[in-house]
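Letter by letter, the chains look like this.
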Amino acid sequence: SAVISQKPSRDICQRGTSLTIQCQVDSQVTMMFWYRQQPGQSLTLIATANQGSEATYESGFVIDKFPISRPNLTFSTLTVSNMSPEDSSIYLCSVPLPQTGETEAFFGQGTRLTVV
Amino acid sequence: AQSVAQPEDQVNVAEGNPLTVKCTYSVSGNPYLFWYVQYPNRGLQFLLKYITGDNLVKGSYGFEAEFNKSQTSFHLKKPSALVSDSALYFCAVRDSSTDMRFGAGTRLTVKP
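All of the points below concern the structure found in this document. (Residues numbered from 1 in each chain as written. Chains lettered and ligands numbered in written order. Predicted model: local features only at pLDDT ≥ 70, side-chain atom pairs only at ≥ 80, totals over all residues. Heavy atoms only, no water.)

The secondary structure content of chain A amounts to zero helices and 11 strands. When the helices and strands of chain A are listed from N to C terminus, the series reads β-β-β-β-β-β-β-β-β-β-β. In terms of overall size, chain A behaves like a compact globule, its C-alpha atoms giving a radius of gyration of 13 Å where 116 residues would be expected to give roughly 13 Å. Overall size of chain A, expressed as C-alpha extent along the three principal axes, is 40 × 25 × 20 Å. Out of the 116 residues belonging to chain A, those deemed buried represent 52%. Taking as baseline every contact in chain A between residues at least 6 positions apart, the subset at least 24 positions apart corresponds to 53%. Counting only carbon and sulfur atoms, one obtains 48% of the accessible surface of chain A, whose full area is about 5,400 Å². (Helix = DSSP H or I, 4+ residues; strand = E, 2+ residues; numbered from the N terminus. Rg over C-alpha atoms; globule rule 2.2 N^0.38 Å. Buried < 20%, exposed > 50% of the residue type's maximum accessible area, 1.4 Å probe, protein only. Contact = heavy atoms within 4.5 Å. Areas by Shrake-Rupley, 256 points an atom, 1.4 Å probe, with all protein chains shown as cover.)

This is the structure:
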């Protein structure tokens, strides 16, 4: 399995500010995914981050609001920009298991964001 | 596009009884199906998956799931529930692409 570290684990932020979430994987992976889990809800895919190219965003998510970096095969960041209380969620990064041809995905512990 | 439905928001069972958490899916092509569990204040943990082969898949912590192509279902089961199984369970599906789609989740409560 892959070991995925996310930082910070939680944060409380003022509205209008931005927060950058880091995701570090202990092995090289082609694709990394960012999900949002709003309170009491399921996971919604925000975007797919490939190394060396721009992230691909799902419907309802835009790069200006959620810029993503993918500088190498083990690291990615997600920024939540100009935050509002509606952005309060758990944000999770996810990677496929490299050795099994990318079937199941593994998840970081998540970043619990509260915007006040 | 692929999708999953978990028709039950909540499932309550008594400890020692069998449990079932339901999931149906929609996907073009062959489905890759997964179950994850989320304990409070923790990330998602992979339980089991169906890719191909035997319709009955065995996973972690004594859980198993049965793939039924005609009913497009992938229900999670356990013969004897434990209080420690109480958590939020997510069914997920992907097709030949790599991004997963998750169900709404089912909160399982096992009472002593």
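Moving on, we come to the interface of chain B and chain A. Facing the 21 residues of chain B at the interface are 21 residues of chain A. Approximately 1,600 Å² of surface area, both sides summed, lies buried where chain B meets chain A, with 53% of it carried by carbon and sulfur atoms. Along the contact surface separating chain B from chain A lie one salt bridge. Between Arg101(B) and Glu58(A) there is a salt bridge, and its shortest N-O distance comes to 2.8 Å. For the pair chain B and chain A, the interface holds four residue pairs in polar contact (both at pLDDT 80 or more). Elements that contribute at least two residues to the side of chain B that touches chain A include exactly strand 5 (32–38), strand 6 (44–50), strand 10 (87–94) and strand 11 (101–102) of chain B. (Buried area = accessible area lost by both parts, 1.4 Å probe. Salt bridge = Lys/Arg side-chain N within 4 Å of Asp/Glu carboxyl O. Polar contact = N/O pair within 3.5 Å; in protein donor to acceptor, adjacent residues only side chain to side chain.)

Counting residues in each nonpolar core, the largest one holds 28 residues, and the members touching the most others are Trp35(B), Leu47(B), Leu48(B), Phe74(B), Leu76(B) and Tyr89(B). Contributions of two or more residues to this core are made by strand 2 (10–14), strand 3 (19–21), strand 5, strand 6, strand 8 (64–68), strand 9 (73–78), strand 10 and strand 12 (106–111) of chain B. No other element matches the four residues that strand 10 of chain B contributes to this core. Sequence-distant contacts of Leu47(B), defined by excluding residues within four places in its chain, comprise Trp35(B), Tyr36(B), Val37(B), Gly59(B), Ser60(B), Tyr61(B), Phe63(B), Leu76(B) and Tyr89(B). Ranked by size, the runner-up nonpolar core spans 27 residues in total, among them Cys13(A), Ala55(A), Phe61(A) and Phe106(A). (Core = buried A, V, L, I, M, F, W, Y, C linked by side-chain atoms within 4.5 Å.)

To continue, consider the state of the cysteines. Tallied over the full model, the rule gives two disulfides over all chains. A sulfur-sulfur distance of 1.9 Å marks the disulfide that ties Cys23(A) to Cys93(A). Since a negative S-S torsion denotes a left-handed disulfide, the Cys23(A)-Cys93(A) link at about 70° is right-handed. Of the two residues, Cys23(A) is situated in strand 3 (residues 19–25) and Cys93(A) in strand 9 (residues 89–96); the sequence distance between them amounts to 70 residues. For Cys23(A), a relative accessible area of 0% translates into the label buried. The disulfide partner of Cys23(B) is Cys91(B), and the S-S distance across this bridge is 2.0 Å. Linking Cys23(B) and Cys91(B), the disulfide has an S-S dihedral of approximately -65° and is accordingly described as left-handed. One end of the pair, Cys23(B), is in the loop between strand 3 and strand 4 (24–26); the other, Cys91(B), is in strand 10, with 68 residues separating them in the sequence. In this structure Cys13(A) is a free cysteine whose sulfur lies 17 Å from that of Cys93(A), the closest cysteine sulfur available. Given a relative accessible area of 8%, Cys13(A) falls into the buried group. (Disulfide = S-S within 2.5 Å.)

Right, let's get into the layout of surface pockets. Counted as a void, the largest pocket has a volume near 440 Å³. If you trace the largest pocket, you find 24 residues lining it, with Ile90(A), Arg112(A), Gln38(B), Asn41(B) and Arg42(B) closest to the centre. Mapped by element, the contributors of at least two residues to the lining of the largest pocket are strand 9 and strand 11 (111–115) of chain A together with strand 10 of chain B. Here the lining of the largest pocket is composed, by residue class, of eight nonpolar, 12 polar and four charged. (1 Å grid on protein atoms, 1.4 Å probe; cavity = no way out; pocket = protein on both sides within 12 Å on 5 of 7 lines; lining within 4 Å. Points joined across faces, edges and corners; volume = space filled by probe spheres on them. Nonpolar A, V, L, I, M, F, W, Y, C, P; charged D, E, K, R; others polar.)

So, on to the side chain of Gln6(B). All names here are of chain B. Note that Gln-6 resides in the loop between strand 1 (3–5) and strand 2. A relative accessible area of 7% means that Gln-6 is categorised as buried. Polar side-chain contacts of Gln-6 include one of 3.0 Å to the backbone oxygen of Tyr-89. A polar contact is formed between the side chain of Gln-6 and the backbone nitrogen of Gly-105, at a distance of 3.2 Å.

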